[in-house]
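Breakdown of the fold
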Amino acid sequence: MYCEICGSEIRDDVYFIRVDASELKVCKYCARHGTLVRRVRVERVLEEGRKLKSASVASAVSSAVVRRRPRIYDEMERVLEEEAEIPEDFGRLVKSARERLGWKQAELARRINEKQSVIRKIETGEIIPTKELREKLKRALNLHF
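This write-up is about the structure you can find in this document. (Residues numbered from 1 in each chain as written. Predicted model: local features only at pLDDT ≥ 70, side-chain atom pairs only at ≥ 80, totals over all residues. Heavy atoms only, no water.)

Taken as a whole and assessed by the stated rule, the structure comprises eleven salt bridges. The residue Arg-98 makes a salt bridge to Glu-123 at a minimum N-O spacing of 2.6 Å. Within this pair, whereas Arg-98 is found in helix 3 (residues 90-100), its partner Glu-123 is found in helix 5 (residues 116-124), the two being separated by 25 residues in sequence. The same class applies to Arg-98 and to Glu-123, which are both buried. Here the salt bridges share partners, and the residues they tie into one network are Arg-18, Glu-23 and Arg-38. (Salt bridge = Lys/Arg side-chain N within 4 Å of Asp/Glu carboxyl O. Helix = DSSP H or I, 4+ residues; strand = E, 2+ residues; numbered from the N terminus. Buried < 20%, exposed > 50% of the residue type's maximum accessible area, 1.4 Å probe, protein only.)

Below, the structure written as structure tokens:
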């Protein structure tokens, strides 16, 4: 039996978790991604699975996975598209524009209504700003790219 989130083989306990409207069979490491419904030994789950019609089990499992998969992939695609829109040296551009205006990180953060830690993380490349945040930074710093 394999974890429906990470794909690793489940050898001990199977954790049944609820994520939104789906119930998934996962390993103990992925159980934290949802609300625990129950925990069962692998042997018992396999035995119960043999008793059920394989077609109904397959359709139940695939429908749970199919409902979940598009949301994950859509989010991944959105993040990749946003990253493609950002220049590789975006953090450096923000920092140099801020320094050119003579502002400290706290001043820039106040002007765009964000936390100073967010500005620091953008400038060091720790985070990729959302499209909305990039627009606020562009307006405040008069960036063009």
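Turning our attention to helix 6 (residues 131-141). Leu-133, Arg-134, Leu-137 and Leu-141 are the residues of helix 6 that are buried. In an axial view of helix 6, the angular spread of the buried residues amounts to 100°, which keeps them on one side of the axis. Residues of helix 6 that are exposed and point more than 90 degrees away from the buried face comprise Glu-132 and Arg-139. Where helix 6 ends, the next residue or the one after it, Asn-142, has phi of about 55°, a positive value. (Arc of directions from axis to C-beta.)

Ordered in space as 2-1-3, the three strands form an open sheet in which the pairing is antiparallel. Sheet topology places strand 2 (22-26) and strand 3 (35-41) at the edges, where each strand pairs with a single neighbour. Averaged over all neighbouring strand pairs, the angle between strand axes comes to 25°, with direction disregarded. Two strands pair when backbone bridges link them, and strand 1 (residues 13-19) and strand 2 are joined in this way by five bridges, in the antiparallel orientation. Each bridged residue has a counterpart across the sheet, and for Val-19 the counterpart in strand 2 is Ser-22. (Pairing = 2+ DSSP bridges. Axes fitted to C-alpha atoms, helices over the stretch in contact; angles between N-to-C directions.)

Two aromatic rings are characterised by how far apart their centres lie and by the angle between their planes. By the definition in use, this model includes zero aromatic pairs. Note that Arg-38 overlies the ring of Phe-16, its terminal NZ or CZ placed 3.9 Å from the centroid. (Phe/Tyr/Trp six-rings, centres within 6.5 Å; stacked < 30°, edge-to-face > 60°. Lys NZ or Arg CZ within 6 Å of the ring centre and 35° of its normal.)

Another point: the state of the cysteines. In a disulfide, the sulfur atoms of two cysteines are covalently bonded to one another. Following the criterion strictly, the structure yields zero disulfides and no others. Considering cysteine sulfurs only, Cys-6 is the nearest to Cys-3, which forms no disulfide, with 3.7 Å between them. The closest cysteine sulfur to the non-disulfide-bonded Cys-30 is located on Cys-27, 3.7 Å from its own sulfur. A relative accessible area of 7% means that Cys-30 is categorised as buried. (Disulfide = S-S within 2.5 Å.)

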